[in-house]
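If you want the building blocks of each chain, they are given just below.
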Amino acid sequence: MMLRRGFILFLPRLVGLLVVACCLVSIVYMLACTPKSDSQQLALPRVHSPTAKEGYEAILQEREEQHRNYIISLKKQIAQLKAELQGRSEQLKNMQDQYPDPLDIQLDHSNPEKAQANLLAFLHSQIDKAEVHSGVKLSTEYAAVPFESFTLQKVYQLETGLTRHPEEKPVRKDKRDELIEVIELAVGSLNNPEGEGNAKHRVYTASDFVEGIYRTEKDKGTLYELTFKGDAKHQFKKIVLFRPFGPVMKVKNENVNMADTLINVIVPLAKRASKFRQFMQNFREMGIQQDGRIHLTVVYFGKEQMNEVKSILENTSKSANFKNFTFIQLNEEFSRGKGLDVGARFWKGNNVVLFFCDVDIYFTAEFLNSCRLNTQPGKKVFYPVLFSQYNPSIIYGHHDSIPPLEQQLIIKKETGFWRDFGFGMTCQYRSDFINIGGFDLDIKGWGGEDVHLYRKYLHSNLIVIRTPVRGLFHLWHEKQCLDELTPEQYKMCMQSKAMNEASHGQLGMLVFKQEIETHLHRQKPSSKKT
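Residues numbered from 1 in each chain as written. Predicted model: local features only at pLDDT ≥ 70, side-chain atom pairs only at ≥ 80, totals over all residues. Heavy atoms only, no water.

- The name an unreviewed UniProt entry gives the protein is Hexosyltransferase, with Aquila chrysaetos chrysaetos as the organism.
- Quoted verbatim from the Catalytic activity (unreviewed entry) field of UniProt, the annotation for the protein is "3-O-(beta-D-GlcA-(1->3)-beta-D-Gal-(1->3)-beta-D-Gal-(1->4)-beta-D-Xyl)-L-seryl-[protein] + UDP-N-acetyl-alpha-D-galactosamine = 3-O-(beta-D-GalNAc-(1->4)-beta-D-GlcA-(1->3)-beta-D-Gal-(1->3)-beta-D-Gal-(1->4)-beta-D-Xyl)-L-seryl-[protein] + UDP + H(+)". (UniProt positions renumbered as here; feature names shortened; annotations may be inferred.)

So this is what it looks like as structure tokens:
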């Protein structure tokens, strides 16, 4: 494989050298054919000399012979170069047929044997490319791919994700099945060693497994190193396995026309007129002016501040010439699930994409397209992970230094976090929402209803698209956890409140603020002395 790669890299250089050689030969020929200067010309006989005619004929014949010899020599060299180039090309073609390029592998189903051989060659090449037998020079410490470790019961991980646990039992079925398969394969390999025939040996079981480490290089495969108990106290058996990733295969190539795909943004609301004014500024710019294929449904609970909210909505309608909105008023206690459910069922038009939204959300026109592209009736629903903003007064210090909202929407670890525990902002077709049964209307107040709907979709045959998106932000606001909430809801509310304030480092600076000020105060006298 290394020889083939070296030859492939050398071939362009060889072709270049052949071209240069041809050019040099041509230059030599031109120089040879160019008449020499007066000082270098052969002495010609005088015109009136008796031997003038014979002398000229002899000189011309000599020159003609020299030129003929040069032409014959050049033709021979060109023929040799062509023959050598043809030979190299045929050699390269034979090597490509024998060892297909992993980047250009084609699985020809008309020839199953060749397809299988090509695939096996590709999979073996993945081992050579991965860090299995030797290390790879890396530019920085951030380029290193870390291992994660596991035992029979636990996985110890760096990327904790939604669970937030650095140590956990594998919850995801694919991860659980993967590690079980690897351990079983290693045990089978230990119990059937190669080259020992019928020799008696110890029988290994999963209980002999001590620990393992694994890491995945996304373009190559997953490396597993498993350690088992040996025959004596301080002896061990080590098994190294590699799961190579296959070549990329085209699944679908289609045109998607979203020109007529309408989104119905449904916002449940009670009071919070100032927040609604801010929301409508975002809705007008991104939804009406930039996107234009959008409808707004506001489900309002109670009557307090209702007239102010309706006035904001009507003013936007007049100034932007926007008529695609619905205002629904409910005289009952606020329930987010009830508001979204009522708004979704109120729609009487054709099947439409529903975007369940809150008043403290900021979205871009690009997100609205993502909402369309990741939903499909009867097939896919979209659960984006939004970026949640930290408390600006903590991030930017004093209130007078807080920049405008648009300048705060930066995705960095100092400004916010991916809200991977939230499932409230979601896009799905109305038909899917109705067929799945909608929200659980027994849930009152804050939290719980979105998770319940999310689990319904997970238990169905629909594909749930869950991914971070760069165009959806949760704007910071002070969170109130009411006493009327159940203990579980109150706990969820307080956890969310704590995470919303600031990063770990920023909260640490607040906790140790007194120590920092004391240190700075002590430093002042010493700085004056110097």
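**Considering the overall build of the protein**
And then number 1: Scanning the protein from N- to C-terminus turns up 15 helices and 15 strands.
And then number 2: Evaluated residue by residue, the protein yields a buried proportion of 35% over its 530 residues. (Helix = DSSP H or I, 4+ residues; strand = E, 2+ residues; numbered from the N terminus. Buried < 20%, exposed > 50% of the residue type's maximum accessible area, 1.4 Å probe, protein only.)

**Describing helix H12 (residues 449-458)**
And then number 1: Listed in full, the buried residues belonging to H12 are Glu449, Asp450, Val451, Leu453, Tyr454 and Tyr457.
And then number 2: Buried positions along H12 lie against helix H7 (336-346), strand S10 (353-356), strand S12 (380-389), strand S14 (426-429), helix H11 (430-436) and strand S15 (463-474). (Contact = heavy atoms within 4.5 Å.)

**Re the state of the cysteines**
And then number 1: Evaluation of the coordinates by the stated rule reveals two disulfides.
And then number 2: Between the sulfur of Cys371 and that of Cys427 lies a disulfide, 2.1 Å long from S to S. Looking along the S-S bond of the Cys371-Cys427 disulfide, the torsion reads about -120°, which is the left-handed sense. Pair noted here: Cys371 is in helix H8 (residues 365-373) and Cys427 is in strand S14, with a separation of 56 residues, a long-range link.
And then number 3: Using a relative accessible area of 0% as the deciding quantity, one classes Cys427 as buried. (Disulfide = S-S within 2.5 Å.)

**Remarks on the nonpolar core**
And then number 1: Within the largest apolar cluster, 42 residues are counted, with the highest numbers of intra-cluster contacts made by Val265, Phe276, Phe279, Phe283, Phe355 and Phe367.
And then number 2: In this structure Phe355 touches Ile263, Asn264, Val265, Ile266, Phe363, Phe367, Cys371, Met425, Thr426, Cys427 and Leu472, once residues within four positions along its chain are discounted.
And then number 3: Judged by nonpolar contacts, the second largest core, of 22 residues, contains Leu330, Leu354, Val381 and Tyr383. (Core = buried A, V, L, I, M, F, W, Y, C linked by side-chain atoms within 4.5 Å.)

**Examining the sheet that holds strand S1 (residues 148-150)**
Sheet strands pair via backbone hydrogen bonds, and the direction of the pair is either parallel or antiparallel.
And then number 1: Pairing is antiparallel in the open sheet, where six strands are placed in the order S3-S2-S1-S4-S5-S6. Bordering the open sheet on either side are strand S3 (167-168) and strand S6 (236-244), each of which pairs with just one other strand.
And then number 2: Relative to strand S5 (residues 221-229), strand S4 (residues 209-217) runs antiparallel, the two being bridged by eight bridges. From the neighbouring strand, Tyr214 faces S5, where its bridge partner is Tyr224. (Pairing = 2+ DSSP bridges.)

**Here's the deal with the environment of Ser317**
And then number 1: By the element assignment, Ser317 lies in helix H6 (residues 306-320).
And then number 2: Placed 33 residues apart in sequence, Ser317 and Arg284 show a C-alpha to C-alpha distance of 9.2 Å.

**A closer look at the packing of aromatic side chains**
And then number 1: On inspection of all chains with the given rule, the structure shows 23 aromatic pairs.
And then number 2: By the ring-pair criterion, three or more aromatic residues cluster together here, those being Phe276, Phe279, Phe283, Phe322, Phe355, Phe363, Phe367 and Phe382.
And then number 3: Over the ring of Tyr454 we find Arg466, and its NZ or CZ is 5.8 Å from the ring centre. (Phe/Tyr/Trp six-rings, centres within 6.5 Å; stacked < 30°, edge-to-face > 60°. Lys NZ or Arg CZ within 6 Å of the ring centre and 35° of its normal.)

**With respect to the pattern of salt bridges**
And then number 1: Counting across every chain of the model gives 20 salt bridges.
And then number 2: In this structure, a network of salt bridges that share partners links the residues Glu64, Glu65 and Arg68. (Salt bridge = Lys/Arg side-chain N within 4 Å of Asp/Glu carboxyl O.)

**So, unusual backbone geometry**
And then number 1: The backbone phi angle of Lys271 is positive, close to 60°, even though this residue is not glycine.
And then number 2: Within the element layout of this structure, Lys271 appears in the loop between strand S7 (263-269) and helix H5 (273-291).
And then number 3: Phi is positive for Arg272, which is not a glycine, with a value near 55°.
And then number 4: Tracing the backbone through its elements, the reader meets Arg272 in the loop between S7 and H5.
And then number 5: You can call Arg272 partly exposed: its relative accessible area is 32%.

**Structural notes on the pairing of S12**
And then number 1: A large share of S12 lies buried, amounting to ten of its ten residues.
And then number 2: Side chains of S12 alternate between two faces, with Lys380, Phe382, Pro384, Leu386 and Ser388 and Val381, Tyr383, Val385, Phe387 and Gln389 buried alike.
And then number 3: Looking at chain direction, S12 and S15 are connected through eight bridges and run parallel. Note on S15: the bridge partner recorded for Val381 is Val464.

**A few points about the packing of H5 against H8**
And then number 1: Axis separation between H5 and H8 bottoms out at 9 Å; the angle between their running directions is 70°. When the axis of H5 is compared with that of H8, the two are roughly perpendicular. Contacts from Met286, Gly287, Gln290 and Asp291 in H5 reach Ala365, Leu368 and Arg372 in H8.
And then number 2: For the contact of H5 with H8, the per-class residue count stands at three nonpolar, two polar and two charged. (Axes fitted to C-alpha atoms, helices over the stretch in contact; angles between N-to-C directions. Parallel < 35°, antiparallel > 145°, perpendicular 65-115°, else oblique. Nonpolar A, V, L, I, M, F, W, Y, C, P; charged D, E, K, R; others polar.)

**Looking at the pairing of strand S8 (residues 294-301)**
The two faces of a sheet get side chains in turn, since along a regular strand they alternate between them.
And then number 1: Here S8 lies mainly inside the structure; eight of its eight residues are buried.
And then number 2: What you see with S8 is no split at all: Ile294, Leu296, Val298 and Tyr300 on one side and His295, Thr297, Val299 and Phe301 on the other are buried throughout.
And then number 3: Where S7 lies against S8, seven bridges are found, and the strand directions are parallel. Each bridged residue has a counterpart across the sheet, and for Ile263 the counterpart in S8 is Ile294.
And then number 4: In this fold, the crossover linking S7 to S8 by way of H5 has right-handed handedness.
And then number 5: Relative to strand S9 (residues 325-330), S8 is paired through six bridges, and the arrangement is parallel. When the bridges of S9 are listed, Thr297 appears paired with Thr326. (Right-handed = clockwise from strand over helix to strand, strands pointing away.)

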